[in-house]
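The chain contents come next:
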Amino acid sequence: PGSAPAPSLPGPAPMGDAAGGDANVLLQWFEDRIVSLLKVKGEVFRKLGEDDKRPLNDFASIADVPTLFVLMGAKDLSLFNGVKDGAALIAGAKKKVLYFRKRNPVKLTSVNVQSEVLWGDMSPSPLLHIFHTGQDVFTPVLTNPRNQEFMSEIVSSQLSEAMHKTVSQVYVALGQSMGKTLLAVPPGEMLRSDGSSGKDKDRVHVLETSVVTWTAQIKNVLKTQPEAALSGADNPGPLVGISFWEEKAGNLSSIREQLSSDRIKKVLRVLDLTKSPYHAAFITLIREVDLSSAEARDNVKYLRTLKAQFEKLTGLDDFSQMPTLYHPIMHLLLLVWKNSKYYNTPAALAVLMRELCNDIIMKAHESISPAELLNSEAAEAHERLVTALKVCGFFKKVYFDYKLRATKECPNNPWKIQNSALFVRLDAFNERCMDLLELTRTVMQFEKLDRVEIGGNKGKQLTEIVADIFAEFNRALEKMKAVTYDILDISVKQFDDDFYAFRATIKELEERLGGVINQGFDTAVTIQNSFKLLDSFADLLERDWIQSSVERKHLDLITQYGNELRTVQDLFQQNRNASLLGRFYERDGPPLYTNMPPVSGALYWVRGLIARVEQPMAHLSPVMRALAETDETRDVARTYEAVASTLHAFEADMYGNWCSIIDDVSTDKLSQNLLVRTGTGGEVSVNFDMALVCLLRETRYFKHFGKEIPTSAEHLYTSDRTYRQWIGSPQIGS
């Protein structure tokens, strides 16, 4: 806050309202202190540009600018007026920071600068600076017997204890800022006796107080467990778990090193000699530190073998490739389980598996992109969700495979962990994905209503109802798209309420659609019209509420189709060996249309029957899947399988028999003489057997059917035009 900066005055060192020589004197005053306290050359300060010096000009010329900070960077000086302005610079400072502060809100001149400005330097590590100041300056002064001559023994004792406690607390805080546990050691004079029993008791009390503080610090480190991080909202991955053990191992090693120092040994020796009750308990605690340190180091050694795989999993760009990492990770984890002294307990495995689940969920979240999921194409969103569910589900499958393997290879220590303890968050994420999968599937199905047109007497009226249903569906969908939270965040329970409301709307729309479809079936005159109606609604017929509404109509349709199957079956059995008199070319064998060869004609007939049973089945498949548990559906399905297999077998047998005689016919008939004499007049005619003519005709029809023609027939057919010319040639006279 304050007025706008005053314009800088011309000259070598502009300083706001200070003019001429006064400005130079004021500038020199600041330069002397900056150069002296920061130990830099004067040229470094003097080469600063006008913009660089603006914080200094503002500090001098604007009364309401109370502070100026100066620090030396890698090459140049940096000046700023507020801590916020230079927060990043201060945080990264490796050298001390110089500060200037006004006593009162005034403009500075060469006359008042000495009296109005306080200055000094700050350490880049304030806690370390405070600790050394307290320990090396204030403690010796306050505990000096000469300075305590005017105090009573109680006051001097309390003052010394308070000072030691303050310095110890600063030292502990300093360690916490560095991620370490620092044990504050009492000053050396506390370990020396002057023969006064009263002061000896005070010294022992101070030492015991230090031991109590150490005990609390050490126990805080010992009781830290990796599962503590899982209780927070960060949902850490396995790399965080490895970092935990690395930090704990380093922290415990530091504590062991401090406990082995001469000064702490002296403290313990004094407590032992004075029969302090704290001595034995603290010795036991030291043994616990040794055991915990060994455990942490061993865990770090084995978990580092997994670190590369965890880094690959975290850095993987193609989410669909994540399953390729599951087997290597689980294999290494099983090896750790077999060989580690400590990392082979259900608790340790549970923590690592939950952390792995967190990383898989994080990568799935990135792949699905929930922010744009509902606004993208429904089919694309559906595919992303399906991929995520497959990847997550495969991880559980791999785990169970290795759990079974661990049972066989480690019979004395199998993976006995409740699945709910491992996959609670992954299962919740999968359930959320299943909800969204249902939503996208619903969108894909209801989008087809935009193109539905129903025929029949009530077709126009029913089509308008469908359009209204589609419009209401879009309004419900827009409400889901308008939510502001992360729809894949399983901690957000608002999604459950919103999705429940969406499903309630869909249920109502499905009931209305069921009524429309029922009316459409009532107005359908033929079974073909019913099939067209089925095709119009397609996958929507598989939805539960629509099924329940039109189930009776579907059963009637299935019954009609069953009757059609039995009719086709009867036709086949009656006519497979005898043509239908008066309708087909009469002969022994299947019905034959006029001018068709016997084998291809028979196949044409049976293919008509096949189409008669298979085409309706293509329309009825969704309905039959939905009603698969009913007796009518099972009977029709069995009848269909029997009839279709019989018809296809007949076609295969007929064609196979024809293929088996081709070589004999072509070889025998083509080896005869091309010309023969006929009659008594000695005429000569082409000797082309009718069996070859029939073979060529069959081949032509089979090629039209798309059949695979045998090589000999294909070769013969290449000369079909030539043979036709021969057959049509006139007789030759003698």
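Peer 1: How should I be thinking about the overall build of the chain in this particular structure?
Peer 2: From N to C terminus, the chain includes 25 helices and six strands. Residues counted as buried form 42% of the 734 residues belonging to the chain. Here the contacts in the chain between residues at least 6 apart in sequence split such that 69% fall between residues at least 24 apart. Taken as a whole, the chain presents about 39400 Å² of accessible surface, with 53% of it coming from carbon and sulfur.

Peer 1: Looking at this model, I keep getting lost on the pattern of salt bridges. Mind explaining?
Peer 2: Oppositely charged side chains may form a pair once their charged atoms are brought near each other. In this structure the tally under the stated criterion is 23 salt bridges. Close ionic contact of Arg-46 with Glu-31 constitutes a salt bridge, the shortest N to O distance being 2.4 Å. Separated by 15 residues along the polypeptide, Arg-46 in helix H2 (residues 42-46) and Glu-31 in helix H1 (residues 21-38) bring together distant segments of the chain. Asp-121 serves as the salt-bridge partner of Lys-96, at 3.2 Å between the closest nitrogen and oxygen. One end of the pair, Lys-96, is in the loop between helix H4 (87-91) and strand E3 (97-102); the other, Asp-121, is in strand E4 (residues 117-122), and 25 residues separate them in sequence. For Asp-121, a relative accessible area of 30% gives the class partly exposed.

Peer 1: I'm lost on helix H16 (residues 419-446) in this one. Help?
Peer 2: Turn by turn, an α-helix covers 3.6 residues, leaving residues three or four places apart pointing in a common direction. With 28 residues, H16 extends 37 Å from end C-alpha to end C-alpha; this agrees with the ideal 40 Å at 1.5 Å per step. The largest bend in H16 is about 45°, located at Arg-425.

Peer 1: Can you walk me through the nonpolar core in this structure?
Peer 2: In globular proteins that are soluble, nonpolar side chains generally tend to be buried together. With 130 residues, the main nonpolar core has Met-353, Phe-395 and Phe-537 as its most contacted residues. Here the element with the most residues in this core is helix H15 (residues 378-409); it accounts for 13 residues.

Peer 1: Got a minute to help me understand the packing of helix H13 (residues 346-368) against H16 in this structure?
Peer 2: Axis angle and axis distance: for two packed helices, these are the angle between their axes and the distance between the axes, and together they describe the pair. Direction vectors running N to C along H13 and H16 enclose 20°, while the axes themselves pass 7 Å from each other. Here H13 lies roughly parallel to H16, going by the angle between them. In this structure, H13 crosses over H16, and the sense of that crossing is left-handed. In this structure, H13 uses Ala-350, Met-353, Arg-354, Cys-357, Asn-358, Ile-361, Ala-364, His-365 and Ile-368 to contact H16, whose residues at the interface are Ala-421, Leu-422, Phe-423, Arg-425, Leu-426, Phe-429 and Cys-433. Grouping the constituent residues of the contact of H13 with H16 by class yields 12 nonpolar, two polar and two charged.

Peer 1: Would you take a moment to explain the pairing of strand E2 (residues 77-80) for this structure?
Peer 2: For a regular strand, side chains alternate in direction, first toward one face of the sheet and then toward the other. Inspection of the sheet shows strand E1 (residues 67-72) paired to E2 by four bridges, in the antiparallel sense. Looking at the pairing, Val-70 lines up with Leu-79 of E2. Connecting E1 to the next strand, E2, in antiparallel fashion are four residues.

Peer 1: Could you clarify how one ought to interpret the side chain of Lys-248 in this entry?
Peer 2: Structurally, Lys-248 is set in helix H9 (residues 238-259). Buried within the structure, Lys-248 lacks any salt-bridge partner; its nearest side chain of opposite charge belongs to Glu-295, at an N-O separation of 6.0 Å. Of the polar contacts made by the side chain of Lys-248, one reaches the backbone oxygen of Thr-224; its length is 2.9 Å. In this structure Lys-248 touches Val-221, Leu-222, Thr-224, Gln-225 and Ala-296, once residues within four positions along its chain are discounted.

Peer 1: Is there a simple way to think about the sheet that holds E4 in this case?
Peer 2: The strands making up a sheet are joined through hydrogen bonds of the backbone, oriented either antiparallel or parallel. Pairing is antiparallel across the open sheet formed by four strands, whose spatial order is E2-E1-E3-E4. Looking at strand neighbours, the two that pair on one side only are E2 and E4, the edges of this open sheet. Averaged over all adjacent pairs, the angle separating strand axes in this sheet is 15°, with direction ignored.

Peer 1: So what exactly am I meant to see when it comes to the confidence of the model for the chain here?
Peer 2: On average, residues of the chain carry a pLDDT of 81, and 79% of them reach 70 or more. Every residue in residues 1-13 scores below 50 in pLDDT, and together they form 22 contacts with partners more than four places removed in sequence or on other chains. For residues 194-198, every residue scores under 50 in pLDDT, and the model assigns this stretch four contacts once sequence neighbours within four places are set aside.

Peer 1: It is not clear to me how unusual backbone geometry should be interpreted in this structure. Could you clarify?
Peer 2: Leaving glycine out, the prevailing phi sign among residues is negative, and the prevailing peptide bond configuration is trans. Positive phi values are uncommon outside glycine, yet Lys-39 reaches one of about 55°. When its relative accessible area of 69% is taken as the criterion, Lys-39 is described as exposed. With a phi angle near 60°, Lys-275 is a residue other than glycine that sits in the positive phi range. Residue position: Lys-275 is located in the loop between helix H10 (262-273) and helix H11 (277-315). For Lys-275, a relative accessible area of 69% corresponds to the exposed category.

Peer 1: Help me out: how do you make sense of the packing of aromatic side chains in this one?
Peer 2: Think of a pair of aromatic rings as described by two things: how far the centres are apart, and how the planes are tilted against each other in angle. Under the definition given, this model contains 24 aromatic pairs. Measuring from centroid to centroid gives 5.2 Å for Phe-244 and Trp-245, while their planes differ by 80°, and the two rings are edge-to-face. Pair check on accessibility: Phe-244 and Trp-245 agree, each one buried. With a centroid separation of 5.3 Å and an interplanar angle of 65°, the aromatic rings of Tyr-399 and Phe-400 are classed as edge-to-face. Looking at Tyr-399, the relative accessible area reads 0%, which means it is buried. A connected cluster of aromatic rings, assembled from ring pairs, spans Tyr-326, Trp-337, Phe-394, Phe-395, Tyr-399, Phe-400, Trp-415 and Phe-423. Looking at Arg-33, its charged tip hangs above the ring of Trp-119, at a distance of 4.8 Å from the centre. The aromatic ring of Phe-59 is capped on one face by Lys-102, whose charged end is 5.1 Å from the ring centroid.

Peer 1: I tried to follow helix H6 (residues 126-143) on my own but got confused; where do I start?
Peer 2: Taking 1.5 Å of rise per residue, the 18 residues of H6 would be expected to cover 26 Å, and the 24 Å separating its terminal C-alpha atoms lies within 8% of that figure. Gly-134 marks where H6 bends most, by close to 35°. Of the positions making up H6, those classed as buried are Phe-131, Gly-134, Thr-139 and Thr-143. Of the surrounding secondary structure, the elements contacted by the buried residues of H6 are helix H7 (153-177).

Peer 1: Even after reading the chapter, I still don't get empty space enclosed by the protein, so can you show me in this structure?
Peer 2: Sizing a probe to match a water molecule and rolling it over the atoms shows the empty space that remains. Counted under the stated rule, the structure contains one cavity of 30 Å³ or more. For the largest cavity, the calculated volume is near 60 Å³. If you trace the largest cavity, you find it lined by Pro-226, Pro-238, Gly-241, Ile-242, Trp-245, Leu-303, Tyr-343, Ala-348, Val-351, Leu-352 and Glu-355. Taken together, the elements giving at least two residues each to the lining of the largest cavity come down to H9 and H13. In terms of residue class, the lining of the largest cavity is built from nine nonpolar, one polar and one charged.

What counts as what
Residues numbered from 1 in each chain as written. Predicted model: local features only at pLDDT ≥ 70, side-chain atom pairs only at ≥ 80, totals over all residues. Heavy atoms only, no water. Helix = DSSP H or I, 4+ residues; strand = E, 2+ residues; numbered from the N terminus. Buried < 20%, exposed > 50% of the residue type's maximum accessible area, 1.4 Å probe, protein only. Contact = heavy atoms within 4.5 Å. Areas by Shrake-Rupley, 256 points an atom, 1.4 Å probe, with all protein chains shown as cover. Salt bridge = Lys/Arg side-chain N within 4 Å of Asp/Glu carboxyl O. Expected span 1.5 Å × (residues − 1). Bend = angle between axes of the 7 residues up to and from the residue. Core = buried A, V, L, I, M, F, W, Y, C linked by side-chain atoms within 4.5 Å. Axes fitted to C-alpha atoms, helices over the stretch in contact; angles between N-to-C directions. Parallel < 35°, antiparallel > 145°, perpendicular 65-115°, else oblique. Left-handed = near helix turned anticlockwise from the far one by under 90°. Nonpolar A, V, L, I, M, F, W, Y, C, P; charged D, E, K, R; others polar. Pairing = 2+ DSSP bridges. Lys, Arg positive; Asp, Glu negative; His and termini not counted. Polar contact = N/O pair within 3.5 Å; in protein donor to acceptor, adjacent residues only side chain to side chain. pLDDT = per-residue confidence, 0-100. Phe/Tyr/Trp six-rings, centres within 6.5 Å; stacked < 30°, edge-to-face > 60°. Lys NZ or Arg CZ within 6 Å of the ring centre and 35° of its normal. 1 Å grid on protein atoms, 1.4 Å probe; cavity = no way out; pocket = protein on both sides within 12 Å on 5 of 7 lines; lining within 4 Å. Points joined across faces, edges and corners; volume = space filled by probe spheres on them.

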